[in-house]
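Letter by letter, the chains look like this.
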Amino acid sequence: MKGHALTVADSAPVIAKPGETGFDTATRVFNSVAIPEPAAATTARTVEQVRNALRYATEHGLRVRMHSTGHGAGAVRPVRDALLIRTALDGAVTVDPTTRTARIPAGTRWETVVKAAEPHGLTAAHGSSGSVGVVGYTLGGGLSPYGRLTGLASNTVRAVELVTADGRHRRVDTESDPDLFWALRGGGGGFGVVTAVEIDLFPVSRVITGAAYWPGALADRLLSTWLDWARDAPAIATTSVRVMNFPDVPDVPEALAGRTTFTVDGVVHADDIGAARLCADDLLGPLRALGTPLLDTWQEDAPAAVLRAHMDPEGPLPIVGDHLLLHEFDARASASFLDVLGEGSGSPLVGAGLRQLGGAYAAPPSPGGVLDRLDARYSYAGSGLAADPEAAESLRSHCTKVRHALAPWNTGRVVPSFVEDGTRRQGHLDTRQAVAVARVRAAVDPEGLFRDDISPTDLRQE
Ligand SMILES: Cc1cc2nc3c(=O)[nH]c(=O)nc-3n(C[C@H](O)[C@H](O)[C@H](O)COP(=O)(O)OP(=O)(O)OC[C@H]3O[C@@H](n4cnc5c(N)ncnc54)[C@H](O)[C@@H]3O)c2cc1C
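- An unreviewed UniProt entry annotates the chain as Oxidoreductase of Saccharomonospora piscinae.
- Under the UniProt heading Sequence similarities (unreviewed entry), the note attached to the chain is "Belongs to the oxygen-dependent FAD-linked oxidoreductase family."
- Quoted straight from UniProt, the Cofactor (unreviewed entry) entry for the chain says "FAD".

**Some thoughts on the pairing of strand β3 (residues 82-87)**
- Within β3, 6 of the 6 residues are buried, which leaves the element mostly enclosed by the surrounding structure.
- A two-sided burial pattern is seen for β3, the buried positions comprising Ala82, Leu84 and Arg86 on one face and Leu83, Ile85 and Thr87 on the other.
- Two strands pair when backbone bridges link them, and strand β1 (residues 40-44) and β3 are joined in this way by 5 bridges, in the parallel orientation. If you follow Thr42 over to β3, its bridge partner there is Ile85.

**Some thoughts on the packing of helix α8 (residues 219-231) against helix α9 (residues 273-289)**
- Running from amino to carboxyl end, α8 crosses α9 at an angle of 155 degrees, the nearest separation of the two axes being 9 Å. As summarised for this structure, α8 and α9 are arranged roughly antiparallel, according to the angle between their axes. Remark: the crossing between α8 and α9 carries right-handed chirality. Residues Leu222, Thr225, Trp226 and Trp229 of α8 touch α9, and the partners they reach there are Cys279, Asp282, Leu283, Pro286 and Leu287.
- Per-class residue counts for the contact of α8 with α9 are 7 nonpolar, 1 polar and 1 charged.

**Remarks on the sheet that holds strand β8 (residues 169-172)**
- Taken in spatial order, the 5 strands of this open sheet run β4-β5-β9-β7-β8, and their pairing is antiparallel. With one partner strand each, in any of the chains shown, β4 (94-96) and β8 form the two edges of the open sheet. Sheet twist, expressed as the mean angle between neighbouring strand axes with direction ignored, is 15 degrees.
- In terms of strand pairing, strand β7 (residues 157-163) meets β8 through 4 bridges, oriented antiparallel. In the sheet register, Val160 faces β8, and the bridge partner there is Val172.

**A closer look at the site of the ligand**
- The environment of the ligand is formed by 30 residues, the closest being Ser68, Thr69, Gly133, Leu143 and Asp453.
- Within the side chain of Thr87, an N or O atom sits 2.9 Å from a nitrogen atom of the ligand.
- The contact in question runs from an oxygen atom of the ligand to an N or O atom on the side chain of Asp453, over 2.7 Å.
- Its free accessible area being 940 Å², the ligand has 90% of it covered by the protein chains.
- Elements with a contribution of two residues or more to the shell around the ligand: β2 (63-67), α5 (134-139) and β9 (193-200).

**Section: the UniProt feature "domain: FAD-binding PCMH-type" (unreviewed entry) in the chain**
- What UniProt calls "domain: FAD-binding PCMH-type" (unreviewed entry) maps, in this numbering, to residues 34-204.
- End C-alpha atoms of residues 34-204 are separated by 37 Å, and the span's content is 22% helix alongside 27% strand.

**Structural notes on the domain arrangement of the chain**
- When the domains of the chain are assigned, the result is domain 1 (15-87), domain 2 (94-203 + 428-445) and domain 3 (207-418).
- The distance between the C-alpha centroids of domain 1 and domain 2 comes to 21 Å.
- At the junction of the two partners, domain 1 supplies 11 residues and domain 2 supplies 15 residues.
- Both faces combined, the contact of domain 1 with domain 2 buries some 1,000 Å², and carbon together with sulfur accounts for 71% of it.
- Viewed at the interface, domain 2 and domain 1 are joined by 0 salt bridges.
- Summed over the shared surface of domain 1 and domain 2, the number is 2 residue pairs in polar contact (both at pLDDT 80 or more).
- Of all the elements in the fold, those that place two or more residues in the side of domain 1 that touches domain 2 are α3 (47-59) and β3.
- Element by element, the count of residues in the side of domain 1 that touches domain 2 is highest for α3, at 4 residues.
- A class-by-class count of the residues in the side of domain 1 that touches domain 2 yields 6 nonpolar, 4 polar and 1 charged.

**Focus: the nonpolar core**
- Core analysis: the biggest nonpolar cluster contains 48 residues, and Leu223, Trp226, Leu326, Phe329, Phe337, Tyr380 and Leu406 have the highest contact counts within it.
- If you tally residues by element for this core, the top one is α8, at 7 residues.
- Phe337 has contacts with Leu223, Val243, Phe329, Gly342, Ala352, Gly353, Tyr380 and Leu406, leaving out every residue within four places of it along the chain.
- Core analysis: the second largest hydrophobic core is formed by 37 residues, Val95, Leu201, Val370 and Ala434 among them.

**A short note on the environment of Phe202**
- With respect to the helices, strands and loops of the structure, Phe202 is situated in strand β10 (residues 202-203).
- The class of Phe202 is buried, set by a relative accessible area of 16%.
- In this structure the C-alpha to C-alpha distance between Phe202 and Leu122, which are 80 residues apart in sequence, comes to 5.2 Å.
- When neighbours within four sequence positions are excluded, Phe202 is seen to be in contact with Gly121, Leu122, Thr123, Ala124, Ala125, Tyr146, Thr150 and His269.

**What to know about the pattern of salt bridges**
- The tally for this structure, following the rule as stated, stands at 18 salt bridges.
- For the salt bridge of Arg170 with Asp166, the shortest nitrogen-to-oxygen distance reads 3.1 Å.
- What makes Asp166 partly exposed here is its relative accessible area of 48%.
- Here Asp322 makes a salt bridge to Arg403, at a shortest N to O gap of 2.6 Å. Of the two residues, Asp322 is situated in strand β16 (residues 319-326) and Arg403 in helix α12 (residues 389-405); the sequence distance between them amounts to 81 residues.

**Some remarks on the side chain of Arg185**
- Checked against the element boundaries, Arg185 lands in the loop between α7 (178-184) and β9.
- Residues contacting Arg185, with those up to four places away along its chain left out, are Leu139, Ser154, Val157, Gly368, Gly369, Val370 and Leu371.

**Section: the pairing of strand β18 (residues 378-385)**
- Sheet analysis places β16 next to β18, joined by 8 bridges and oriented antiparallel. The partner of Ile319 across the bridge, within β18, is Leu385.
- Taken together, the 6 bridges between strand β17 (residues 351-356) and β18 define a ladder with antiparallel strand orientation. Bridge pairing links Gly353 to Ala381 in β18.

Criteria and thresholds
Residues numbered from 1 in each chain as written. Predicted model: local features only at pLDDT ≥ 70, side-chain atom pairs only at ≥ 80, totals over all residues. Heavy atoms only, no water. UniProt positions renumbered as here; feature names shortened; annotations may be inferred. Buried < 20%, exposed > 50% of the residue type's maximum accessible area, 1.4 Å probe, protein only. Helix = DSSP H or I, 4+ residues; strand = E, 2+ residues; numbered from the N terminus. Pairing = 2+ DSSP bridges. Axes fitted to C-alpha atoms, helices over the stretch in contact; angles between N-to-C directions. Parallel < 35°, antiparallel > 145°, perpendicular 65-115°, else oblique. Left-handed = near helix turned anticlockwise from the far one by under 90°. Contact = heavy atoms within 4.5 Å. Nonpolar A, V, L, I, M, F, W, Y, C, P; charged D, E, K, R; others polar. Near = heavy atom within 4 Å. Polar contact = N/O pair within 3.5 Å; in protein donor to acceptor, adjacent residues only side chain to side chain. Areas by Shrake-Rupley, 256 points an atom, 1.4 Å probe, with all protein chains shown as cover. Domains from an automatic or database assignment. Buried area = accessible area lost by both parts, 1.4 Å probe. Salt bridge = Lys/Arg side-chain N within 4 Å of Asp/Glu carboxyl O. Core = buried A, V, L, I, M, F, W, Y, C linked by side-chain atoms within 4.5 Å.

Next comes the structure, spelled out in structure tokens:
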């Protein structure tokens with residue numbers, strides 16, 4: 001009897017209204033600039049709890065939204081008149097070293113996956129921060145510090161487990177439902193509540209990784225040297241450059257506090273660590289010759305060190321930012337970039353820079369989902385911290401200024417996982433793709449229970 005009662009209690013999620021117990025936990029987000037205000041919220045730890053939540057939403061005439069960590073909270077449509085399901089599914093990450101795959105319950109963060117894979121000499125196409133959630137990142141594309149080798153992280157997904165609007169729990173892969181599986185990988189959401197994903201892992205034992213920070217005054221020569229190297233750099237290297245305006249606070253290393261720096265970070269990974277070392281020397285040698293870095297953490301290390309290289313902040317934080325995909329970045333682009341973001345520009349952004357694309361981003365080894373390649377050479381991202389609404393407005397207006405400055409090189413496309421602001425006109429699918437994805441959505445969610453979850457970037461503005 002006791003067991004039965006527990007099962008019933010466990011399968012009934014606590015659906016909380018604003019002010020009720022459980023509401024704050026279920027609505028907590030990493031990006032605190034966009035705290036969701038749904039009609040009701042719940043944390044689902046089991047598939048049965050997800051099912052019950054969907055039943056509740058249907059009975060109360062609510063749409064359904066879901067999140068995991070809230071890293072992407074700034075990019076979504078307002079969460080109103082909805083039941084928000086925070087997915088924190090029970091269970092461990094399981095790694096199969098034979099097939100080099102991992103099954104990951106929804107709600108898991110990348111640091112947990114990296115930790116589980118490392119004893120097997122494996123890692124994943126994770127993002128730069130260990131606190132990012134696996135589900136939103138992988139289904140939204142996912143730019144990894146290994147990305148020029150792995151391609152978009154959405155290409156590494158082997159199967160998706162989800163509860164659809166009809167309450168069915170499905171495991172979707174190329175065999176079981178090729179159309180839904182195709183649309184899930186980069187289609188922009190709105191298909192159901194994902195409860196787990198299975199992804200490919202790849203072998204890594206040692207990497208060359210880290211970041212070097214030079215005084216901002218050297219940015220011009222450093223940027224042009226990096227661009228010369230990046231033009232035909234081998235795919236074993238994935239790097240990024242940023243202008244960073246460090247606050248003068250105790251958490252920031254003394255050498256950087258209160259300074260503007262030009263930063264080069266990334267990962268070089270090859271089966272032959274000697275080849276990786278040579279490649280890193282090719283990159284860093286000419287840069288170090290231009291000036292001594294204020295801080296230089298580049299070194300040979302274990303794969304877990306990759307999660308620290310980019311120095312992403314711990315949250316929650318009120319982030320306002322923007323993202324563009326650029327088809328080129330020439331000397332004129334560099335001048336425009338430094339004009340609005342370099343030292344002395346008055347930029348309020350904490351970090352703004354470029355991630356190197358190409359390699360497997362441009363030519364994935366095999367076709368994946370609807371978003372499986374990027375026809376762009378660089379990804380731009382810049383963001384700052386909004387202490388109050390005025391600061392948020394000033395950041396948004398500076399993001400617009402950067403947008404104008406980089407307009408000649410803007411492809412008009414984005415990677416959904418990288419978008420910080422869902423209100424801007426931009427897209428990630430062409431019309432043909434968007435129509436095909438909408439057809440899949442209509443088949444799996446005919447009543448539109450999840451329609452507000454659809455990414456605002458779904459349709460490219462052509
Ligand atoms: C510090 C920081 C570092 C980052 N680094 C990178 C990086 O290196 N590369 C990169 O590509 N991106 C990066 N991002 C962006 C990040 O990938 C996105 O914010 C992504 O959406 C995070 O996924 P999440 O599940 O943690 O976020 P959430 O905000 O919880 O979810 C985002 C969206 O994913 C969907 N979703 C989440 N869970 C579920 C579920 N269970 N079922 C169905 N849909 C779901 C929903 O549509 C939701 O709105 C970074 C963000 C931050 C703040």
